[in-house]
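# Chains, contacts and geometry: an overview
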Amino acid sequence: MDSLNSLLDGFGTALTPMNLLWAAIGVLLGTAIGVLPGIGPAMAVALLLPVTYGLDPTGAFIMFAGIYYGAMFGGSTTSILLNTPGESAAVVAAIEGNPMAKAGRGAQALAAAAIGHFAGGMIGTILLVALAPTVASLAIGIGAPDYVAIMVLAFIAVTSVLGASRIRGLASLLIGLTIGLVGLDQMTGQQRLTFGSLQLADGVDVVIVAVGLFAIGEALWVAAHLRRTTGEPIPVGRPWLGRGDLRRTWKPWLRGPLIGFPFGAIPAGGAEIPTFLSYVTEKRLSKHRGQFGKGAIEGVAGPESAASASAAGTLVSMLTLGLPTTAVAAVMLAAFQQYGIQPGPLLFEREPELVWGLIASLFVGMVLLLALNLPLAPVWAKLLRIPRPYLYAGILFFAAVGAYAVGGESLDLVILLIIGLIGFGMRRYGLPVLPAVIGVILGPAAEQQLRRALQISDGSVTGLVNTPFSVTVYAIVALILAWPLVYRVVVVRRRNSRKAGGKTGAVSGG
């Protein structure tokens with residue numbers, strides 16, 4: 001009840017004309033910046049930090065919340081329309097969203113993403129209000145073995161459901177893990193795969209990898225085929241979801257937050273893991289499994305809802321523990337400290353107006369995001385009417401700008417081209433791109449947690465399975481690995497029994 005009263009007070013703060021204006025500006029700026037490949041919400045918030053020096057803390061953080069959600073949707077827009085994720089959380093949206101766009105259903109994919117962001121954000125923020133103390137206490141108990149188990153689950157899940165075969169999925173994952181090794185060993189400081197370059201000591205930024213594999217690889221692949229075929233503009237299609245689309249999307253919209261919020265709330269790496277776990281779940285549960293990989297709308301609705309709920313979940317550990325689990329949360333933590341405010345268990349007591357105003361502004365931001373971007377879905381989709389040679393030339397330009405903006409080094413452009421060539425080769429030989437991106441994102445963290453768990457257990461492998469949580473996760477991993485074999489055995493037995501029954505019936509009939 002206290003939380004509800006505090007939230008009502010927060011709405012009183014968030015709904016003032018000036019704070020509403022800051023929220024609307026944040027959503028518009030975030031969407032516009034998120035549409036640019038490579039410039040995600042973390043960079044947007046970081047770039048706009050100096051602009052907010054003159055604002056009061058409450059107005060500044062309300063604006064940051066709008067930028068956060070707006071940039072996430074903007075990243076999904078380019079991911080769906082141009083196969084160019086604006087940030088890592090939007091990577092999964094490209095798998096089904098881009099085939100939908102190429103089939104003339106880009107507006108429907110954007111509408112499914114916008115409503116998914118709204119549903120996920122609303123449910124995630126409600127859970128933030130209701131469950132913040134409980135989730136914070138659970139997050140404290142998550143240890144290194146549990147992290148390792150979660151990441152193994154993510155690796156196995158993503159390589160099991162994508163691509164023509166598990167072998168190709170595993171090969172793609174290994175490419176990503178290898179790229180993730182570049183840089184200094186976090187524990188020993190030893191250089192790995194840097195080839196003596198100081199610029200590579202910090203590793204390859206995941207934005208460069210995602211933009212290179214998706215945008216540059218796609219542009220090179222299209223260019224190779226445009227020499228043989230004429231590039232016709234892609235039809236936009238009608239702008240609204242039909243009854244059939246709504247029947248297929250309402251359940252994924254509601255399931256996404258159940259996966260996204262817990263992963264956002266615990267220190268497990270933000271929206272990347274829950275988005276592809278949501279994708280895996282929707283593929284398993286869908287009645288249209290054959291459409292996955294060709295433009296299944298469930299594969300957009302579920303992951304986008306999970307990503308938005310995860311964004312709300314990240315605020316739990318950031319506000320209650322002062323523990324940032326994503327790049328955006330880290331930048332927002334720096335902004336708190338800039339104003340002389342220290343997030344932690346006492347923040348709700350010391351700064352109730354700011355905290356509850358921020359939480360209430362999340363609800364307001366979700367409504368503004370839907371109201372502004374749902375009507376704009378056909379407008380964004382008209383990007384696809386641009387002739388493909390000009391469109392992909394523009395993609396190459398903005399991809400290069402985004403990659404250069406990450407570190408301001410010319411070497412980043414060389415790395416972008418090399419990774420783009422790798423992406424082109426992966427398309428040529430049928431390797432799915434997503435496992436490679438996942439390997440880059442989670443590989444370094446998985447290695448660090450694995451070594452930490454082994455150090456704690458004095459090198460004993462049993463140290464990886466010494467908690468109930470890790471045992472449960474590994475049981476799920478074993479089920480995922482064994483299911484195809486079990487499924488084949490069951491199907492073969494049923495077919496054999498049917499054949500035997502048919503022969504018996506024929507004999508008795510004769």
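See the structure printed just above.
Read on for a plain summary of the structure. For clarity, every value in this text was computed on a predicted model and none was experimentally measured. (Residues numbered from 1 in each chain as written. Predicted model: local features only at pLDDT ≥ 70, side-chain atom pairs only at ≥ 80, totals over all residues. Heavy atoms only, no water.)

## Points about the packing of aromatic side chains
The description of two aromatic rings rests on the distance between their centres and on the angle between their planes. To keep it simple, the criterion reads: A pair of Phe, Tyr and Trp rings is counted when the ring centres sit within 6.5 Å of each other, with Trp represented by its six-membered ring. The angle between the planes then sorts it: under 30 degrees is stacked, over 60 is edge-to-face, the rest tilted. Helix numbers and strand numbers start at the N terminus; a helix is a DSSP run of H or I with at least 4 residues, a strand a run of E with at least 2. Partly exposed residues are those whose accessible area sits between 20% and 50% of the maximum for their type, while under 20% is buried and over 50% is exposed, using a 1.4 Å probe and protein chains only.
Enumeration over the complete set of coordinates arrives at four aromatic pairs. Centre to centre, the rings of F11 and F363 are 5.7 Å apart; their planes meet at 40°, and the pair counts as tilted. Placement of F11 in helix α1 (residues 2–14) and of F363 in helix α14 (residues 352–373) is noted, with a sequence separation of 352 residues between them. On the basis of relative accessible area, F11 is assigned to the partly exposed category, the value being 24%.

## With respect to the packing of helix α9 (residues 243–265) against helix α10 (residues 272–285)
Geometry of a packed helix pair, given as the angle between the helix axes and the separation of the axes. As a reminder of what qualifies: Where helices are involved, their axes are fitted lines through C-alpha atoms of the stretch in contact, as for all axes, and angles between N-to-C directions lie from 0 to 180°. Two helices crossing with the near one rotated counterclockwise from the far one by less than a right angle form a left-handed crossing, whereas a clockwise rotation gives a right-handed crossing. Residues count as neighbours in contact if any of their non-hydrogen atoms are within 4.5 Å of one another. Asp, Glu, Lys and Arg are counted as charged, while Ala, Val, Leu, Ile, Met, Phe, Trp, Tyr, Cys and Pro are counted as nonpolar; the rest, among them Gly, fall into the polar class.
Relative orientation of the contacting elements α9 and α10 amounts to 145°, with a least axis distance of 9 Å. As for how α9 packs across α10, the hand of that crossing is right-handed. Side by side, α9 and α10 meet where P252, R255, G256, I259, G260 and F263 of the first sit next to I273, P274, L277, S278, T281, E282 and L285 of the second. Tallied by class, residues from the contact of α9 with α10 come to seven nonpolar, four polar and two charged.

## Comments concerning the nonpolar core
Let me state the cut-off plainly: Within this scheme, the nonpolar core is defined by two criteria: the residues are buried Ala, Val, Leu, Ile, Met, Phe, Trp, Tyr or Cys, and they are joined through side-chain atoms within 4.5 Å.
Core analysis: the biggest nonpolar cluster contains 125 residues, and V204 and F336 have the highest contact counts within it. Considering every element that reaches this core, the biggest residue donor is helix α5 (residues 93–140), with 15 residues. Setting aside its immediate chain neighbours within four residues, V204 contacts I179, V182, V209, I415 and I419.

## Remarks on the side chain of S278
By secondary structure assignment, the location of S278 is in helix α10. For S278, a relative accessible area of 0% gives the class buried. For S278, the contacting residues outside a window of four places in its chain are G256, I259, G302, P303 and A306.

## Some points on the environment of A306
Structurally, A306 is set in helix α11 (residues 298–321). C-alpha of A306 to C-alpha of G120: the two residues are 186 residues apart in sequence and 6.0 Å apart in space. Leaving out residues up to four positions away in the same chain, A306 has contacts with G256, P257, G260, P274 and S278.

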